[in-house]
Amino acid sequence: MVFFRSVSALSKLRSRLVQQSSLNSSVRWLQIQTSSDLDLHSQLKELIPEQQERLKKLKSEHGKVQLGNITVDMVLGGMRGMTGLLWETSLLDPEEGIRFRGLSIPDCQKLLPAAKPDGEPLPEGLLWLLLTGKVPTKGQVNALSKELQSRAAVPDHVYKAIDALPVSAHPMTQFATGVLALQVQSEFQKAYEKGIPKSKYWEPTYEDSLSLIAQVPVVGAYVYRRIYKNGQIIPKDDSLDYGANFSHMLGFDSPEMHELMRLYVTIHSDHEGGNVSAHTGHLVASALSDPYLSFAAALNGLAGPLHGLANQEVLLWIKSVVDECGENMTKEQLKDYVWKTLNSGKVVPGFGHGVLRKTDPRYMCQREFALKHLPDDPLFQLVSKLYEVVPPILTELGKVKNPWPNVDAHSGVLLNHYGLTEARYFTVLFGVSRSIGICSQLIWDRALGLALERPKSVTMEWLENYCKKSA
Ligand SMILES: CC(C)(COP(=O)(O)OP(=O)(O)OC[C@H]1O[C@@H](n2cnc3c(N)ncnc32)[C@H](O)[C@@H]1OP(=O)(O)O)[C@@H](O)C(=O)NCCC(=O)NCCS
């Protein structure tokens, strides 16, 4: 909140200054203000010094304050519940779900600019919000949209790198390869080689991040068309916004699919810092690897079935339910199928979460989208039935901490409804969206001079001895 307050104090001070100056100079000042107001880079340049001071103060005044207790369980249990990362762009509450710079998903749907009245938020608006902490105007979003379009050209060698892989390679392997190949253009790497001082790291990180965010939809769409549409590529359309253009390049041009893609890209972008993909990106970047290297690493984590690949698994699993029980299955049949999955030692994909303890708000907003646009879709109805059937069964297991559905339980049936039926591709969509969250934080990592990550590890013997001594 201090962040928001200081930003609005700055704007008040500015408008006071404008009132005080003579007419001529205020007109000139306003012109300058208007152009820099629309420019994301100038906004960041203004914000960074005060946030650097804020972090310095936090370190010097509260550096020794203890933050909870770490237990052996936490060390052995994947560091659950250990507060160990600074992540400015979003914060996850176990009961309430994600907030982007303090705004919930319904807040974002209400406040962020949309392509049409009461439409879904534009992902460019979310990017602006994540980077500045401020809700952008429509003008700012349009300016950022144009800026991203101007950066979207993908060098030819990237396509060649992807083409070197067999078409049968998993879409995430092809996508991550393409992203890694983009690294050749890294401004950060060039600047580092020339000896750029620490205080300026954020600037080439910003350049790389915006170019990466601009180019990943083009790379992602190329992978889709290469694998599923005989390589017939659809060029970008600069009259469209980020989400709609991505949908267009994939080959889906219905206005509803454009809306779905805007919502999809917005809600998958960021989920605080500890999840596998975000944490991987942050960890790799802490070694001063540039955004391309860091984000490609993040994608490899996203490709795991317990993380981003779950969206693929959900649709495949739902289709296997239909294959076995037919579309009009009873709840009893569905229960039996869920038990069969569990008894064969598999997880029910799309349910459970490492932090959340309630239904994921990202699930709820997709459910609302479905109720509005495709209430009669048979697979949506099956997803709704699963919402009733699965949580009591997972609760009965006795060990699952969160029996409720997560984001991945819903996305597949929406995409499937509009014709994007290739489940193996779904995690690439998630990856395109994640670039917005991970890269936004990477810019702040460098602006705040965050440290190299290097937690301490111990052996089992060390733990046993330690526990004996403290018994
Ligand atoms: C997301 C997930 C990995 C979180 O894991 P976690 O933090 O370890 O979750 P919990 O603490 O609740 O796990 C406790 C136990 O319940 C099991 N469990 C959790 N969710 C489960 C599910 N959906 N189906 C079956 N078992 C599940 C775990 O595998 C674990 O079993 P174990 O002790 O035998 O190893 C887990 O819920 C899961 O595998 N979900 C399905 C995959 C998925 O949807 N991933 C996307 C997440 S956004």
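For every chain, the first residue of its written sequence is number 1, and the numbers climb from 1 along that sequence. Only residues with pLDDT of at least 70 are given local features in this predicted model, and only at 80 or more are side-chain atom pairs given and counted; all residues enter the totals for whole chains, interfaces and linings. Side-chain metrics rest on all non-hydrogen atoms present in the structure, leaving aside hydrogens and water.

The protein appears in an unreviewed UniProt entry as Citrate synthase from Actinidia chinensis var. chinensis.

I keep staring at the site of the ligand and nothing clicks. Help me out?
The environment of the ligand is formed by 19 residues, the closest being Val348, Gly350, Phe351, Lys399 and Lys401. Each polar contact in these results corresponds to two N or O atoms within 3.5 Å; when the atoms are within protein, one needs to be able to donate a hydrogen and the other to accept it, and residues that are neighboring in sequence are counted only if both atoms are side-chain atoms. Arg80 places a polar side-chain atom, nitrogen or oxygen, 2.9 Å from an oxygen atom of the ligand. The separation between a nitrogen atom of the ligand and a polar main-chain atom of Val348 is 2.9 Å. In these tables, accessible area is a Shrake-Rupley quantity obtained with a 1.4 Å probe, and a residue counts as shielded only by the protein chains included in the view. With the chains in place, 75% of the 850 Å² that the ligand exposes on its own is no longer accessible. Only heavy atoms are used to decide nearness, and a residue is near a molecule or strand if one of them lies within 4 Å of it.

Whenever I open this one, a nonpolar patch on the surface confuses me. Can you help?
Any residue with relative accessible area above 30% and no salt bridge may belong to a patch, with like charges joined within 9 Å and the nonpolar Val, Leu, Ile, Met, Phe, Trp and Tyr side chains within 5 Å. Note on definitions: salt bridges are taken to be side-chain nitrogens of Lys or Arg within 4 Å of carboxyl oxygens of Asp or Glu. The grouping of Ile70, Val72, Val75, Leu76, Val458, Trp462 and Tyr466 at the surface amounts to a nonpolar patch, some 670 Å² of accessible area in total. The helix and strand labels rest on DSSP assignments: H or I over at least four residues marks a helix, E over at least two residues marks a strand, and numbering proceeds from the N terminus. Put simply, the parts of the chain that give the nonpolar patch at least two residues each are helix H4 (72–76) and helix H22 (460–470). Take the nonpolar patch: its biggest share by element is three residues, from H4. Mapped onto the secondary structure, Val72 falls in helix H4.

What's the story with the nonpolar core in this structure? I'm lost.
As a rule of thumb, nonpolar side chains are buried together in soluble globular proteins. If you look at the biggest cluster of nonpolar residues, it comprises 117 residues, and the most contacted ones within it are Phe175, Leu250, Ile318, Leu420, Tyr425 and Leu429. Ranked by residue count, the leading element in this core is helix H11 (residues 202–228), at 14 residues. If we skip the residues at most four places from it in the chain, Leu429 touches Phe246, Leu250, Met261, Tyr264, Leu415 and Leu420. Note on terminology: a nonpolar core comprises buried Ala, Val, Leu, Ile, Met, Phe, Trp, Tyr and Cys residues joined through side-chain atoms within 4.5 Å. Exposure is judged per residue with a 1.4 Å probe applied to protein chains only, and the accessible area is read against the type maximum: over 50% gives exposed, under 20% gives buried, and values in between give partly exposed. Residue contacts are counted whenever heavy atoms from the two residues lie within 4.5 Å of one another.

Mind showing me how you'd approach the environment of Ala169 here?
With respect to the helices and strands, Ala169 occurs in the loop between helix H8 (156–163) and helix H9 (171–182). Counting along the chain gives 139 residues from Ala169 to Gly308, while the straight-line C-alpha distance between them is 17 Å. If near-sequence neighbours (up to four positions away) are discounted, Ala169 is found in contact with Gln174, Ile227 and Arg424.

Would you take a moment to explain the pairing of strand S2 (residues 97–100) for this structure?
Residues in a regular strand project their side chains so that they alternate between the two faces of the sheet. At least two bridges found by DSSP between two strands is the condition for calling them paired. Sheet topology note: the strand S1 (residues 90–93)/S2 ladder contains four bridges and is antiparallel. Within the sheet, the bridge partner assigned to Ser90 lies in S2 and is Phe100. In this antiparallel pair of consecutive strands, S1 and S2, the connection spans three residues.

Just to check I follow, could you spell out the UniProt feature "active site" (unreviewed entry) in the protein for this structure?
UniProt positions are given in the numbering used here, feature names are shortened, and annotations may be inferred rather than shown by experiment. Per the UniProt record, "active site" (unreviewed entry) is annotated on His307, His353 and Asp408. For the residues just named, distributed over 102 residues, the greatest C-alpha separation is only 10.7 Å, placing them together at one site. Mapped onto the elements, His307 comes out in the loop between helix H15 (291–302) and helix H16 (310–325). Discounting residues that sit within four places of it in the chain, His307 has contacts with Asn275, Val276, Ser277, Gly301, Leu302, Asp408 and Arg434. Mapped onto the fold, Asp408 is located in helix H20 (residues 408–417).

I would appreciate a short explanation of helix H17 (residues 331–343) in the present structure.
Side chains three or four residues apart in an α-helix point the same way, a direct result of the helix having 3.6 residues per turn. To estimate how far a helix should reach, multiply one less than its number of residues by 1.5 Å. Between its terminal C-alpha atoms H17 stretches 18 Å, which fits the 18 Å expected from 13 residues at 1.5 Å a residue. Of all the residues in H17, the buried ones are Leu334, Tyr337, Val338, Thr341 and Leu342. The buried residues of H17 all sit within an arc of 135° when viewed along its axis, so they share a single face. Exposed residues on H17 whose side chains face more than 90 degrees from its buried face are Asp336 and Asn343. Considering only its buried residues, H17 is in contact with H16 and helix H19 (378–397). Taken from the residues just after H17, Gly345 is the one with a positive phi, measuring 85°. Arc definition: directions from the helix axis to the C-beta atoms.

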